[in-house]
Amino acid sequence: MSRLDEIAQEQQEEAARVARRQQAKRPRPTVGARIVGGIGELLITAGLLLGLFVVWQLWWTDVEGAREAGDAVSEFTEGLDVEIPEVAGEERTEEPPPEPEPVELSGDTFAALWVPDWGLDYRWPIAEGVSRDSVLDAGMVGHYPDTAMPGQVGNFSVAGHRQTYGRPFFHIDTLAAGDSIIVQTHTAWYVYKVTEHAIVQPTEVDVIAPVPGEPGVEPGAAMLTLTTCHPLWSTAERYIVHAELDHWIPLEDGMPAELLEDS
Amino acid sequence: MYAAIWRILPGPKAVKALLSLILVAAVVAVLFLWVFPAVAPYMPFNDQTVGAS
């Protein structure tokens, strides 16, 4: 090894030592740098929190709502006293017997909602009341208190989430005139046919009046009204679907033909 | 803040990384189960009813 090579090697080692020392003795950040760094970390944290909230709202509430609704509707179906034969029941059009009013705003399921157009496995629990935390945010469809009971003359009105919390009414805009909306109570199936839909302001309570749109008028027909928010991901307006009772079937007589697999 | 947490966590890098993951999971769980459900009703979306606005 020549003298020149030795010098070159020594210089390299020295340079590496200096670099290591400088790395080890990095100067402490100034006060200003620390403040800016802290603010930066806070902003990152806020961003992560907002992102997580969106994930929770759009995904997790759906997971939980669908599970709670599934449990509630299974409980309702298993709690029925009647054995329902798997045949098409005779359709009746005379006035049905009165349905017992739910006694309290307990959030207990008193009926199930079936919409054949949304799949034969679509069935959703209907509970009394439209409070957010005990009914709607628990994934259920809520019955407006003081509106008619299923099948009765008047306007059986329910509200449900269109997105998030199980989103029972996500596909509400696919319902067209003539489509079936079926309400199952402890005693009977009530098969309603869609008559019309409307997009209204949130303040228009007339849509759930006994005669929809005409408050104070004595009702002569059994109506059903669905309300949910519109447009999607907004609450600026309400999407309303009206339906009229077509026929009813006592549970012990069978099922609506629409809900049988081979129909 | 994050650097300080990293310094406080004991053990070699692998252990620190594992502990950090557990911490993150715990924070997310607290947010999802308690904080977000408590905050959501004050958010200006998700009203489905007519009248009560």
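Since this is a predicted model, take the numbers as computed values, not measurements.

Parameters and conventions
Here, residues in each chain are numbered from 1, in the same order as that chain's written sequence. Each chain takes a letter, starting from A, and each ligand takes a number, starting from 1, following the order in which they are written. Residue-level local features of this predicted model are given only where pLDDT is at least 70; pairs of side-chain atoms are given and counted only at 80 or more, and the full residue set underlies all totals for whole chains, interfaces and linings. By definition, two strands form a pair when at least two bridges between them are found by DSSP. Each helix is a run of DSSP H or I of at least 4 residues and each strand a run of E of at least 2, with the numbering of both proceeding from the N terminus. Angles shown run from 0 to 180 degrees and are taken between the N-to-C directions of axes, each axis being a line fitted to C-alpha atoms and, for helices, limited to the stretch in contact. Those domain boundaries reflect an automatic or database domain assignment. Once C-beta atoms have been placed from the backbone, residue pairs whose C-beta atoms lie within 7 Å are recorded as contacts. The classification used treats Ala, Val, Leu, Ile, Met, Phe, Trp, Tyr, Cys and Pro as nonpolar, Asp, Glu, Lys and Arg as charged, and all other residues, Gly among them, as polar. An expected span of 1.5 Å times one less than the residue number is assigned to each helix. To get the bend at any residue, fit one axis to the seven residues that end at it and another to the seven that begin at it, then take the angle between the two axes. With C-beta atoms placed from the backbone, a residue counts as buried when 20 or more other C-beta atoms lie within 10 Å of its own, as exposed when 12 or fewer do, and as partly exposed for counts between those limits.

Novice: Got a minute to help me understand the sheet that holds strand E2 (residues 123–128) of chain A in this structure?
Specialist: Two pairing modes exist for strands in a sheet, parallel and antiparallel, and in both the strands are linked by backbone hydrogen bonds. Residue and element names in this part refer to chain A. If you trace the 8 strands once around the closed barrel, you get E1-E2-E3-E4-E7-E8-E6-E5, paired in mixed fashion. Adjacent strand axes in the sheet meet at a mean angle of 30° when their direction is disregarded. Sheet analysis places E2 next to strand E3 (residues 141–143), joined by 3 bridges and oriented parallel. When the sheet's bridge partners are listed, Glu128 is paired in E3 with His143.

Novice: Honestly, the domain arrangement of chain A in this entry has me stumped. Any pointers?
Specialist: All names here are of chain A. Domain annotation for chain A reports domain 1 (3–59) and domain 2 (60–259). For domain 1 and domain 2, the distance between their C-alpha centroids amounts to 59 Å. With 5 residues of domain 1 at the interface, the matching set in domain 2 holds 5 residues.

Novice: Whenever I open this one, the interface of chain A and chain B confuses me. Can you help?
Specialist: The parts lose accessible area when they come together, and the size of an interface is often stated as this lost area. At the junction of the two partners, chain A supplies 27 residues and chain B supplies 17 residues. Elements with a contribution of two residues or more to the side of chain A that touches chain B: helix H2 (31–78) and strand E7 (222–230) of chain A. Here the side of chain A that touches chain B is built from residues that sort into 12 nonpolar, 10 polar and 5 charged.

Novice: What exactly am I supposed to notice about H2 of chain A here?
Specialist: For an α-helix, 3.6 residues make a turn, and residues three or four places apart therefore share a direction. Helix length check: H2 of chain A, at 48 residues, gives a terminal C-alpha distance of 67 Å against a target of 70 Å (1.5 Å per residue), a fit within 8%. Bending of H2 of chain A peaks at approximately 40° at the position of Trp56 of chain A. Among the residues making up H2 of chain A, those that are buried are Trp56, Thr61, Gly65, Ala69, Ala72, Val73 and Phe76 of chain A. Residues of H2 of chain A that are buried sit in contact with strand E1 (109–114) and E2 of chain A together with helix H2 (13–39) of chain B.

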